[in-house]
Amino acid sequence: MTQLGAVAWPPAPIRTARLVLRESEARDRAAFIELFASPEVGTYVGGSRPRDELERAVPEVPGRRPGLFVVELDGAMIGMVTLDRRDAERPGHVRPDAGETELGYMFLPEAWGCGYAAEACAAVLDWFAVALPGEPVVLSTQTANDRAMRLAAKLGFTEVARFEEYGAEQWFGVWSSGTPSG
Ligand SMILES: CC(C)(COP(=O)(O)OP(=O)(O)OC[C@H]1O[C@@H](n2cnc3c(N)ncnc32)[C@H](O)[C@@H]1OP(=O)(O)O)[C@@H](O)C(=O)NCCC(=O)NCCS
């Protein structure tokens, strides 16, 4: 089974028309705290956390792990795109041995509505398609999360299932290399 863990990390920074995708750095800490403290960002992803708690808990260089891309616009972090191994215990599978790679995205509200998330996710999927050809990527989001649902469709994810999780209806979709993204 080919997994994200087998891929060299970090890759060279990825440049798109407007953005740079790269590993996290200490200078991103304030933006990470902003992301996790924002009630708007947390609406469909389990809520936000108090800022003072985050100031204590967030490490000096937050989010430094394989699969986490910081998205930078004009030199500052505006969000992140993540690829993680989906917990085999969670509902929703597209392969018999589970352990699918899952896409996640989270952007600061002031950067919504400009197509940045779509541009960044498309670049991450393109990178993944070269790193692990033919390997599917899954995604789940609350069906009530209109923006996330629209983005998933735009990226070429197709519905596999809907189910209840965390007290809400979830949409579960899959994308494979060769599917148009962005
Ligand atoms: C989900 C999320 C990343 C979507 O952000 P977004 O900015 O709406 O997504 P996109 O990058 O696809 O941008 C689409 C919008 O940009 C607009 N846009 C403006 N300029 C554009 C351009 N040059 N290219 C493309 N789209 C453009 C589109 O018209 C669209 O606007 P609309 O929503 O009013 O129709 C964001 O809402 C978020 O971070 N939410 C909180 C975290 C979360 O819920 N994550 C999902 C967990 S599963």
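It should be noted that the structure appears before, not after, this text.
Residues numbered from 1 in each chain as written. Predicted model: local features only at pLDDT ≥ 70, side-chain atom pairs only at ≥ 80, totals over all residues. Heavy atoms only, no water.

S.K.: Any chance you could break down unusual backbone geometry for me, citing the residues and the numbers?
M.R.: Across the junction of W9 and P10, the peptide omega takes the value -5°, indicating a cis bond. By secondary structure assignment, the location of P10 is in the segment before β1 (14-15). Its identity as a non-glycine residue notwithstanding, D74 has a phi of 50°, on the positive side. Owing to a relative accessible area of 76%, D74 belongs among the exposed residues under this scheme. The phi torsion at Y166 lies on the positive side, around 55°, for a residue other than glycine. Mapped onto the fold, Y166 is located in the loop between β7 (158-165) and β8 (168-175). (Helix = DSSP H or I, 4+ residues; strand = E, 2+ residues; numbered from the N terminus. Buried < 20%, exposed > 50% of the residue type's maximum accessible area, 1.4 Å probe, protein only.)

S.K.: Hey, could you go over the site of the ligand for me, with residue numbers and the actual values?
M.R.: Near the ligand you find 21 residues, and of these Y105, F107, G113, R147 and K154 are the closest. Between the ligand and W112, the relevant distance is 3.3 Å, taken from an oxygen atom to a side-chain nitrogen or oxygen of the residue. At a separation of 2.8 Å, an oxygen atom of the ligand approaches a polar backbone atom of G113. In isolation the ligand exposes 960 Å². Once the protein is present, 71% of that is buried. Among the secondary structure elements, those contributing two or more residues to the shell around the ligand are β5 (101-107), α4 (116-131), β6 (137-142) and α5 (146-155). With five residues, α5 is the largest single contributor of residues to the shell around the ligand. (Near = heavy atom within 4 Å. Polar contact = N/O pair within 3.5 Å; in protein donor to acceptor, adjacent residues only side chain to side chain. Areas by Shrake-Rupley, 256 points an atom, 1.4 Å probe, with all protein chains shown as cover.)

S.K.: Would you mind going over the packing of aromatic side chains in detail, with residue names and values included?
M.R.: Across all of its chains, the model carries five aromatic pairs by this definition. Each ring, one from W9 and one from W127, has its centre 5.8 Å from the other, and the planes form 80°; the classification is edge-to-face. With W9 in the segment before β1 and W127 in helix α4, this residue pair connects regions lying 118 residues apart in the sequence. (Phe/Tyr/Trp six-rings, centres within 6.5 Å; stacked < 30°, edge-to-face > 60°.)

S.K.: Let's hear about the sheet that holds strand β2 (residues 19-22): which residues, and what values?
M.R.: Taken in spatial order, the eight strands line up as β1-β2-β3-β4-β5-β6-β8-β7 in an open sheet, and their pairing is mixed. At either end of the open sheet lies a strand with only one pairing partner, and these are β1 and β7. Of the pairings in the sheet, the one linking strand β3 (residues 68-73) to strand β4 (residues 76-85) comprises six bridges and is antiparallel in character. Bridge pairing in β4 links V70 to M80. (Pairing = 2+ DSSP bridges.)

S.K.: For α5, give the residues involved together with the corresponding values.
M.R.: All buried positions along α5 are accounted for by A148, M149, L151, A152 and L155. One side of α5 carries all its buried residues, which in axial view fall inside an arc of 165°. Facing away from the buried side of α5, by more than 90 degrees, are the exposed residues R150 and A153. Lining the buried residues of α5 we find β5, α4, β6, β7 and β8. With its phi angle positive at about 100°, G156 sits one or two positions after the end of α5. (Arc of directions from axis to C-beta. Contact = heavy atoms within 4.5 Å.)

S.K.: I'd love a proper account of the packing of α4 against α5, names of residues and values included.
M.R.: Where α4 meets α5, the axes come as close as 10 Å, and the angle between the chain directions of the two elements is 45°. It follows that α4 is oblique to α5 by the angle criterion. Like other packed secondary-structure pairs, α4 and α5 cross with a definite hand, here right-handed. Here α4 contributes A117, A118, C121, A122 and L125 to the contact with α5, which in turn contributes L151, K154 and L155. Grouping the amino acids of the contact of α4 with α5 by side-chain chemistry returns seven nonpolar, no polar and one charged. (Axes fitted to C-alpha atoms, helices over the stretch in contact; angles between N-to-C directions. Parallel < 35°, antiparallel > 145°, perpendicular 65-115°, else oblique. Left-handed = near helix turned anticlockwise from the far one by under 90°. Nonpolar A, V, L, I, M, F, W, Y, C, P; charged D, E, K, R; others polar.)

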